[in-house]
Amino acid sequence: SNKNIDYLCIVLIIFSIVEFYNLDYKNFLGPIDVHHEGTFLTAQLNFFSKNQIWTGTFYDYGFLGNSIGIFFNSLFDGYSIGIQRFIFKFLILLNKVLIVLICRKIIISISSSNKKEILFLIFSLSSITLASFYEHVTPFHQRIFIYLIFTLLIFNIVTTKKNSFFICFLTGFFSLLSILFYWDIGSYINVLLIVFLAYLLFTKSYGNFYSVVLGVLSTWILFFILTPSYEFKEFFNQYFFIINVSDYLIGIEFPK
């Protein structure tokens, strides 16, 4: 009964990919943002030159947030601000795909109407326009992709009656993964994980509850084992430092 929505979902994803491939990349050429783009470039240069992670540089966004270009370094055989800008546009594409999948899950779950296709089109089209390739400030900013993946996993668990060990374990994995990407988004996701675990207990979904907890514990324990003690300590030092000075970093205390 949901085949039509699945077809529409595929069409919208293809449309987003075509839009991405038809971007005029000359529009993204321009002066370097010394502060923000310099932050991305410096963190990755420190990583390559010092062969250290948290003890080698300070990450104001997060290790992977500041150094996401490292993954593309091997593809392009080098790193530049241009590559970083391309990555951000690619992440916007990923956001659009994730938004379509989330909209599909929501409409299928809450609507019993025979006009679900129309609802899906209205909901998804109005949502993906909020992830813009050309706007610097957009509701679905490029760095929120990690949160959208987490949201999609949560929706799949809630709307599926049977236990799914892999999906639940992967959801628990985001406790560490999100912190490694962005300090702030990782903090929000971990708070939501606590709320979600409470929900699983309330609904007596004990199998899913234990699978999520196992995912959280196993990834953190593995991270502790594989990370040198001095790096592990500096990881938490930077995290708590950012939390304590975040008001100053975003300028709330500037008038004082």
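This write-up is about the structure you can find in this document. This one's a predicted model, so the numbers in the text were calculated from it and none came from an experiment.

Quick notes on the rules
Residues numbered from 1 in each chain as written. Predicted model: local features only at pLDDT ≥ 70, side-chain atom pairs only at ≥ 80, totals over all residues. Heavy atoms only, no water. Helix = DSSP H or I, 4+ residues; strand = E, 2+ residues; numbered from the N terminus. Rg over C-alpha atoms; globule rule 2.2 N^0.38 Å. Buried < 20%, exposed > 50% of the residue type's maximum accessible area, 1.4 Å probe, protein only. Contact = heavy atoms within 4.5 Å. Phe/Tyr/Trp six-rings, centres within 6.5 Å; stacked < 30°, edge-to-face > 60°. Lys NZ or Arg CZ within 6 Å of the ring centre and 35° of its normal. Disulfide = S-S within 2.5 Å.

Another point: the overall build of the protein. For the protein, the helix and strand inventory stands at 11 helices and 0 strands. Element order for the protein, N to C, with α for helix and β for strand: α-α-α-α-α-α-α-α-α-α-α. Taking 2.2 N^0.38 as the reference for a compact globule, 256 residues should give roughly 18 Å; the C-alpha atoms of the protein span a radius of gyration of 20 Å, in line with that estimate. Based on the C-alpha atoms only, the size of the protein along its principal axes is roughly 60 × 50 × 45 Å. Scored against the burial criterion, the 256 residues of the protein give a buried share of 42%. Within the protein, counting contacts between residues at least 6 apart in sequence, those at least 24 apart form 70% of the total.

So, on to the environment of Asn4. Take Asn4: it is sitting in helix H1 (residues 3-21). Put simply, Asn4 and Lys116 are 112 residues apart on the chain and 9.0 Å apart in space, counted from C-alpha to C-alpha.

What follows concerns the side chain of Asn95. Looking at the secondary structure, you find Asn95 in helix H5 (residues 81-110). If near-sequence neighbours (up to four positions away) are discounted, Asn95 is found in contact with Ala131, Phe140, His141, Gln142, Ile144, Phe145 and Leu148.

This part covers the packing of aromatic side chains. Under the counting rule described, the total for this entry stands at 35 aromatic pairs. Ring centres of Tyr25 and Phe86 lie 6.2 Å apart, and the angle between their planes is 40°; on these two criteria the pair is classed as tilted. With a gap of 61 residues between them, Tyr25 in the loop between H1 and helix H2 (36-50) and Phe86 in helix H5 connect regions that are remote in the sequence. When its relative accessible area of 27% is taken as the criterion, Phe86 is described as partly exposed. For Arg143, the ring lying beneath its charged end belongs to Tyr182, and the centroid distance is 5.1 Å.

This part is about the state of the cysteines. Here, disulfide denotes a covalent bond that connects the sulfur atoms of two cysteines. Summed over the entire model, instances satisfying the criterion amount to 0 disulfides. Here Cys9 stays free of any disulfide, with the sulfur of Cys103 as its closest cysteine sulfur at 9.0 Å. Overall, Cys9 belongs to the buried group, its relative accessible area being 4%.

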